Amino acid sequence: QVQLVESGGGLVQPGGSLRLSCVASGFTLDDYGIGWFRQAPGKEREGVSCISSRNGGTYYADSVKGRFTISKDNAKNTVYLQMNSLKPEDTAVYYCAALSGFGVSLRVREYDYWGRGTQVTVSS
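Each chain has its residues counted from 1, running along the sequence as written. In keeping with the predicted nature of the model, local features appear solely for residues at pLDDT of at least 70, side-chain atom pairs appear and are counted solely at 80 or more, and the whole-chain, interface and lining totals rest on all residues. Computation of side-chain values covers all heavy atoms of the structure but excludes hydrogens and water.

### Details of the pairing of strand β9 (residues 92-100)
Relative accessible area decides the class of each residue, using a 1.4 Å probe on protein chains only: under 20% of the type maximum gives buried, over 50% gives exposed, and in between gives partly exposed. Secondary structure elements follow DSSP: runs of H or I of four or more residues count as helices, runs of E of two or more count as strands, with numbering from the N terminus. Counted residue by residue, β9 has seven buried out of nine residues, so it is predominantly covered. Should DSSP find at least two bridges between two strands, the strands are taken to pair. Judged from the eight bridges that link them, strand β4 (residues 32-39) and β9 form a sheet pairing that is antiparallel. By the bridge assignment for β9, I34 is matched with A98. Here β9 pairs with strand β11 (residues 118-122) via three bridges, running antiparallel. Counterpart to A92 in the pairing with β11 is V120. By the bridge criterion, two bridges tie β9 to strand β10 (residues 113-114) in an arrangement that is antiparallel.

Laid out in structure tokens, this is it:
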């Protein structure tokens with residue numbers, strides 16, 4: 001059974017850091033690309049970062065470029081999102097999602113498998 005479970009969210013002050021984890025089960029990261037998405041109150045879900053299944057190619061939304069880093073450990077079937085220099089506007093529920101094949105994108109509609117999300121709150 002395909003499952004994605006996010007963890008690592010919490011409350012952090014502006015300028016702080018968090019590392020999110022997404023553990024996949026029922027499939028291997030050798031065959032699926034993973035994307036991180038977020039949804040803030042009153043806003044639509046948006047792509048944050050993604051990483052390809054095998055070549056390791058990474059992509060970032062302009063709003064997080066230079067602050068966030070996506071990585072994965074195929075042996076652990078886990079994808080990470082290191083978030084540094086956090087801003088209040090980063091506050092959102094963060095979701096990981098999976099798509100099959102070698103491609104990857106920041107388009108919500110291309111992903112069929114989703115985790116339940118983890119809350120990130122950046123506030124003083």
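### Details of the sheet that holds strand β8 (residues 78-83)
Here we have four strands laid out as an open sheet, ordered β1-β3-β8-β7, and antiparallel in their pairing. Whereas interior strands pair on both sides, the edge strands pair on one side only; in this sheet they are β1 (3-7) and β7 (68-73). Going from strand to strand, the sheet's axes swing by 15° on average, the running direction of each strand aside. The sheet contact formed by β1 and strand β3 (residues 18-25) spans five bridges and is antiparallel. What sits directly across from E6, in β3, is C22. All axes here are fitted lines through C-alpha atoms, helices being fitted over the stretch that makes contact, and every angle between N-to-C directions spans 0 to 180 degrees.

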